[in-house]
Structures are given as structure tokens and as C-alpha cells.
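A structural walkthrough
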Amino acid sequence: MAQFTEEQLAQLKEVLQQRYLQLREEVRDELESSGDQHYADLAGSVADPGDASVADMLVDVDANLVDRQVNEIREVEAALKRLAELDYGDCIDCGGEIGFERLMAYPTAQRCVRCQEVHEKTYMHENKPTL
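Residues numbered from 1 in each chain as written. Predicted model: local features only at pLDDT ≥ 70, side-chain atom pairs only at ≥ 80, totals over all residues. Heavy atoms only, no water.

Scanning the model with the defined rule gives seven salt bridges in all. Two residues, arginine 28 and aspartate 29, come together in a salt bridge whose shortest N-O distance is 3.8 Å. Under the relative-accessibility criterion, arginine 28 is labelled partly exposed at 39%. For aspartate 29, a relative accessible area of 36% puts it in the partly exposed group. (Salt bridge = Lys/Arg side-chain N within 4 Å of Asp/Glu carboxyl O. Buried < 20%, exposed > 50% of the residue type's maximum accessible area, 1.4 Å probe, protein only.)

Set out below in C-alpha cells:
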């Protein structure tokens, strides 16, 4: 594991735990509010194609938001597991130390800044839809 002081490890653990609780609250709130807005309510009782497409879009946006939050919860859980197993703060590509400042800004980081830049340049076009 990267060389952090006990105080730094406690700070990182606290940041991760707070983010986990915040994400759980966001997911719960989003699911509660989406339960209040049914598709028929969004589209209206006499749906025309425009109303239906807007309702579809709103449902998709809500689902994507929850999906993003759940994925981030998984990242936080994985970071907490790495922390408990003393494998936290090591870059998964080069094995070097990620750095305390980077982890405070992005506590689920798995790569050092240099390796993250290479990763983003290498895979930057993978998730972009094309015609």
C-alpha cells in the first residue's frame, strides 16, 4: 500500500464513507421520486408522439442517474475494500503511489495521474456513439 500516515488514512476513509452515505441517500430519493411520477403521468392521458418521447426521455434520464450513482457506490465499496486489505493508493497500471492529494480529490482513483492520462487518451473514443 502507498505510504500514508494514520491521519491521512483516516481522512481518506472518512471521505469514502461520507460519499457512500451521500450516494445511498441520492439513490433512495431518486427512486422515491420516480415512483411518484409514473409514465402515464409524464406522457399525459392523451399521449401524442411528442409527449411520449419526452416521457421516455425523462424515464431514461432518471434510470441513467440511478445507474451512475449505483456504479459510483460500487467504486466506493471497492476502494473501502482496498483500504481494508492495505492495497489502497497503488496505481493498478504502474504500481506506483497515486498520491494523497489526488485521492482526497477523487478517493476512488485507481490510477496515478500519469497512467490515468494515458488510459484516457487510449480509450477516449470507446464510449462515444457514432452513426
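Next, the rest of the story.
Okay, the UniProt feature "domain: Zinc finger DksA/TraR C4-type" (unreviewed entry) in the protein chain next. Those residues carrying the UniProt feature "domain: Zinc finger DksA/TraR C4-type" (unreviewed entry) are residues 87–121 in this numbering. Structurally, residues 87–121 comprises 43% helix and 0% strand, and the distance from its first C-alpha atom to its last is 26 Å. (UniProt positions renumbered as here; feature names shortened; annotations may be inferred. Helix = DSSP H or I, 4+ residues; strand = E, 2+ residues; numbered from the N terminus.)

Apart from glycine, the bulk of residues carry a negative phi angle, and the bulk of peptide bonds sit in the trans form. Notably, leucine 86 is not glycine yet its phi reads approximately 60 degrees, a positive angle. By the secondary structure assignment, leucine 86 is in the loop between α3 (49–84) and α4 (100–105). The exposure class of leucine 86 is exposed, given its relative accessible area of 56%.

Before going further, it helps to examine the nonpolar core. In terms of nonpolar packing, the biggest core is built from 20 residues, with Phe4, Leu12, Leu16, Tyr88, Cys91, Ile98 and Leu103 touching the most fellow members. Of all the secondary structure elements, the ones that give two or more residues to this core are α1 (6–36), α3 and α4. Apart from residues lying up to four places away in sequence, cysteine 91 is in contact with Gly96, Ile98, Gln110, Arg111, Cys112 and Cys115. (Core = buried A, V, L, I, M, F, W, Y, C linked by side-chain atoms within 4.5 Å. Contact = heavy atoms within 4.5 Å.)

Residues with a pLDDT of 70 or more make up 74% of the protein chain, whose mean pLDDT is 83. Taken element by element, the predicted model of the protein chain shows its lowest mean pLDDT in helix α2 (residues 39–43) (51) and its highest in α4 (96). (pLDDT = per-residue confidence, 0-100.)

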